[in-house]
Structures are given as C-alpha cells and as structure tokens.
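Spelled out from the first residue to the last, the chains are:
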Amino acid sequence: MLNGSGIKIFSGTSHPELAEVIARRIGLPISKAEVTRSGIGETQVRIQESVREDDVYIINTGCGAVNTALMELCIMIHACKIASAKRITAVIPLFPYARQDKKDKSRAPITAKLVANMIQKAGCDHVITMDLHASQIQGFFDVPFGYSLYAEPSAILYIRTHFDLNDVVIVSPDAGGAKRATSIADRLGVDFALFHKERKKANEVSRMVLVGHVKDKVAILVDDMADTCGTLCLASQHLTEAGASKVYAFVTHGILSGNALKSIEESSLEKLIVTNTLPQQENQRRCRKIEVLDIGKVLGEVIRRSHYGESVSKLFHEVPY
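As a convention, each chain's residues are numbered from 1 in the sequence order in which they are written. Per-residue local features of the predicted model are confined to residues with pLDDT of at least 70, and side-chain atom pairs are confined, for both listing and counting, to 80 or more; whole-chain, interface and lining totals are unaffected and use all residues. To obtain the side-chain values, all non-hydrogen atoms of the structure were used and water was disregarded.

Draft legend 1. Layout of the overall build of the protein chain. Helix and strand assignments come from DSSP, with helices taken as H or I runs of at least 4 residues and strands as E runs of at least 2, each series counted from the N terminus. What the protein chain contains, in helices and strands, is 9 helices and 14 strands. The reference for a compact globule is 2.2 Å times residues^0.38; the radius of gyration itself is calculated from the C-alpha atoms. Its C-alpha atoms give the protein chain a radius of gyration of 20 Å, near enough to 20 Å, the size a compact globule of 321 residues would have. With respect to the principal axes defined by its C-alpha atoms, the protein chain has extents near 60 × 45 × 35 Å. Exposure categories follow from relative accessible area, calculated using a 1.4 Å probe and restricted to protein chains: below 20% of the type maximum is buried, above 50% is exposed, and the middle band is partly exposed. Across the 321 residues in the protein chain, those meeting the buried criterion constitute 51%. Per-residue and other accessible areas were derived by the Shrake-Rupley procedure at a 1.4 Å probe size, with only the shown protein chains allowed to occlude residues. Counting only carbon and sulfur atoms, one obtains 49% of the accessible surface of the protein chain, whose full area is about 14,800 Å².

And the structure:
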C-alpha cells in the first residue's frame, strides 16, 4: 500500500471500474479530474488538484469510442505535463490500434506508430500495457516503454486451480500465437496443439487445419484478443469434431464486437475466460459463457513497484497476492 506521498492516479472515462480496482489495490483514491465533451464533440479536461512534482499515472484503455479514449489520454497527459508533474505514466491495458503495427499492403499506414508518437508528444514518460498484440510496438517509442505485462501468469493460475492437468491440452488458434501457447503449455507441463488457418479477408477465416492430438482431452484455446470470435468459435467446433471432451478459451482482451456474443453462446465452447482490461459487465449479462479474471491487482502492483523503483520482473511469472 502506498502512503499517497508524491503519487496521483487519474482515470479517463473508458474503464473507470478498472481504475477503481487498481486504486483500491494500492490504497489510494482516484485523483480528481473533470472530463467533458463540448457541443461539437471536443474533449475538455480539467485536473482538479495539484500534480506539481508528483508521479502521475493515467489509466485509460483502448475500448468503446477508441478515438475519444485516445484523445482523452493525450489531453490528460498534456494537462499534467504543463502542470509540472514530475513523471507521467500512461496505463493502457489494451493499446489502441495495436493490430495496425506494420505496412502489410501498398499505401497502408502504420497507425500504431502514429499512436505512439501522439502519446510521446503529449508528454508521456512511461507506458504500461497488457499483452501487446505485436511486441515490436515497444520499439515505436523513443521514451522508455515501461512495462508490457502478460496475462499468462493469471491464465496459468486459473488452469491449475480449475482443471486436472493430466487431461489438458493447450491450443493456439493460429500459428502467430504458438509462442504464447507453448510457453503456457511448457510451464504447466501439458501437451500443445495449434491450428493453421487461411483467411480470405480480415476477420474471415476460410480454412483451419489442426496440428496435434486433442482426443479425450480438455482443450484450452489461448489468444491475446477476441474480436468477432469467428476464429475461436470455428476452432472450438474443429476441436469438438477431433474428439476433445470439452473446449474452453482464455483471452486477454475481450473486444467481442458485432455478433460475437451470439456466436459464443451458440458455439461448443464451455466458457470464454477474459480479463477485465476492457469493461465486461454488459457482455456477462448478455452471455452466460463469459467469465472475467481481474488483472487490476497486477496493474496496481506494477504501479506500486514502479513508484518505489522496485523490480517488476517477478510479475512476468506470477500473480501478486
């Protein structure tokens, strides 16, 4: 618990519930800031207490009206910077535009780099995120990136406490997530499988081929984010057809757009376990298969350790108590 000396925690409007969880974890109230919209939609911010020479943490995630959340974050950073804050850290559980991280076609923008530039120019000194979609985004920043945390320790703890490891196989829904899935499988000492998938276009999978054995096993799909959930639902169907006794999915960022909730409800998934990097109350109300893991205590502990200059590396491997 922090004593409140020299530290301020502010919350944007994208996920105030998570900010409250983080603040409770470290024993401080959310500092006062007024965020409003003008008649033409401009974001207006007023920091309502002194931040001079303080260590400031601003919590806002990339969800809902993403562009509004991003501008809110940049304006709050700028407001604290010109109010003489000593250090400003942006806590962005889901980094906005993280999937636009490379020039994958002619004349395509690298929007994640643009977002990094915006956050830096606003006056940010450090960034804390959770499960970056592409780790090279850390290199888009010229300031020290801070910490890109992983939900892997939370996933491992959940699997250990809810399943018999003799029956478990960890499955990656695509080749790109193989490193994440093999890391979890190795730490649990269980088998691993993956899907090779081909896409006709973005968010539309044309074919999936399972590599590995899942017959009579509890298959647990792991991924960093679930958007339309087309891949997860198709993968769960293939796993069931391949003889898996039950299919679960663990996802860090539950975006769940479009018909995702309906697809999950109608799929062969037993549960979709997501973290609360994004608000999930409404999704849980609409879909009985969604379970939420709290990562607020992880982010809170990172803030505490960052403020006191303590090592954060332990949090890459285990969940704080």
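Draft legend 2. Structural view of the UniProt feature "domain: Ribose-phosphate pyrophosphokinase N-terminal" (unreviewed entry) in the protein chain. The UniProt feature table records "domain: Ribose-phosphate pyrophosphokinase N-terminal" (unreviewed entry) at residues 7-123. As a span, residues 7-123 carries 33% helix and 22% strand, and end to end its C-alpha atoms are 17 Å apart. UniProt positions are given in the numbering used here, feature names are shortened, and annotations may be inferred rather than shown by experiment.

Draft legend 3. Geometry of helix H5 (residues 178-188). Those residues of H5 not exposed but buried are Ala 178, Ala 181, Ile 184, Ala 185 and Leu 188. When H5 is viewed along its axis, its buried side chains cluster within an angular range of 135° and face the same direction. The exposed set on the far side of H5, more than 90 degrees from its buried face, consists of Lys 179 and Asp 186. In the segment just after H5, Gly 189 is the residue with positive phi, at about 70°. Summarising the geometry, the arc corresponds to the directions from the helix axis toward the C-beta atoms.

Draft legend 4. Structural context of the packing of helix H1 (residues 16-26) against helix H9 (residues 296-308). Simply put, an axis is a line fit to the C-alpha atoms, just over the touching stretch for a helix, and the angle between two N-to-C directions goes from 0 to 180 degrees. Between H1 and H9, the least distance of the axes is 8 Å, while the angle of their chain directions is 55°. In terms of orientation, H1 lies oblique with respect to H9. Considering the relative orientation of H1 and H9, their crossing is right-handed. Across from Leu 18, Val 21, Ile 22, Arg 25 and Ile 26 in H1, the residues of H9 making contact are Gly 296, Lys 297, Leu 299, Gly 300, Glu 301, Ile 303 and Arg 304. Across the contact of H1 with H9, the residue classes tally to 6 nonpolar, 2 polar and 4 charged. The cut-offs work like this: below 35 degrees is roughly parallel, past 145 is roughly antiparallel, 65 to 115 is roughly perpendicular, and the gaps in between are oblique. In this scheme the crossing of two helices becomes right-handed for a clockwise turn of the near helix relative to the far one and left-handed for an anticlockwise turn of less than a right angle. Contact between two residues is taken to exist if any of their heavy atoms lie within 4.5 Å; hydrogens are not considered. Gly is put with the polar residues, along with every residue not named as nonpolar or charged; the nonpolar set is Ala, Val, Leu, Ile, Met, Phe, Trp, Tyr, Cys and Pro, and the charged set is Asp, Glu, Lys and Arg.

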